[in-house]
Amino acid sequence: MFIQEFGVRRAASPDSRQIWLRAGGNYNKTMYDRVDGRGQERNWSAYALADYQVYQQRPSLP
């Protein structure tokens, strides 16, 4: 099984909000029987996520 994630994370500071962007995926070489009975197949998935600090109550406490 191969799993990988890439991303960028910027911590909050008095003059900027936190941002965390990441994307990744996984790939499984093992052959699995399909649920619908039509042979075998490998599994894979991909994702992308983004987190952003919407509100900063006090810039002195990011």
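Scroll up to find the structure.
Residues numbered from 1 in each chain as written. Predicted model: local features only at pLDDT ≥ 70, side-chain atom pairs only at ≥ 80, totals over all residues. Heavy atoms only, no water.

Summarise the sheet that holds strand 3 (residues 40-52); cite the residues concerned and give the values.
Overall, antiparallel pairing links the 3 strands, which are arranged 1-2-3 in an open sheet. At either end of the open sheet lies a strand with only one pairing partner, and these are strand 1 (2-10) and strand 3. When strand polarity is set aside, the average angle formed by the axes of neighbouring strands in this sheet is 5 degrees. Note that strand 2 (residues 19-33) and strand 3 share 12 bridges and pair antiparallel. The residue of strand 3 that forms the bridge with Asn 26 is Ser 45. (Pairing = 2+ DSSP bridges. Helix = DSSP H or I, 4+ residues; strand = E, 2+ residues; numbered from the N terminus. Axes fitted to C-alpha atoms, helices over the stretch in contact; angles between N-to-C directions.)

So what about a nonpolar patch on the surface? Which residues, and what values?
Taken together, the side chains of Phe 2, Tyr 27 and Trp 44 present a nonpolar region at the surface, about 400 Å² in accessible area. Here Tyr 27 shows up in strand 2. (Patch = residues over 30% accessible without salt bridge, like charges linked within 9 Å, V, L, I, M, F, W, Y side chains within 5 Å. Areas by Shrake-Rupley, 256 points an atom, 1.4 Å probe, with all protein chains shown as cover. Salt bridge = Lys/Arg side-chain N within 4 Å of Asp/Glu carboxyl O.)

Got a sec to walk through the pattern of salt bridges? Specific residues and values, please.
Pairing between side chains of opposite charge can happen when their charged atoms approach one another. Applying the stated criterion across every chain, the model contains 4 salt bridges. One salt bridge in this structure joins Asp 36 and Arg 34, with 2.6 Å as the shortest N-O distance. The class for Arg 34 is partly exposed, based on a relative accessible area of 26%. One continuous salt-bridge network, built from bridges that share partners, spans Arg 34, Asp 36, Arg 38 and Glu 41. (Buried < 20%, exposed > 50% of the residue type's maximum accessible area, 1.4 Å probe, protein only.)

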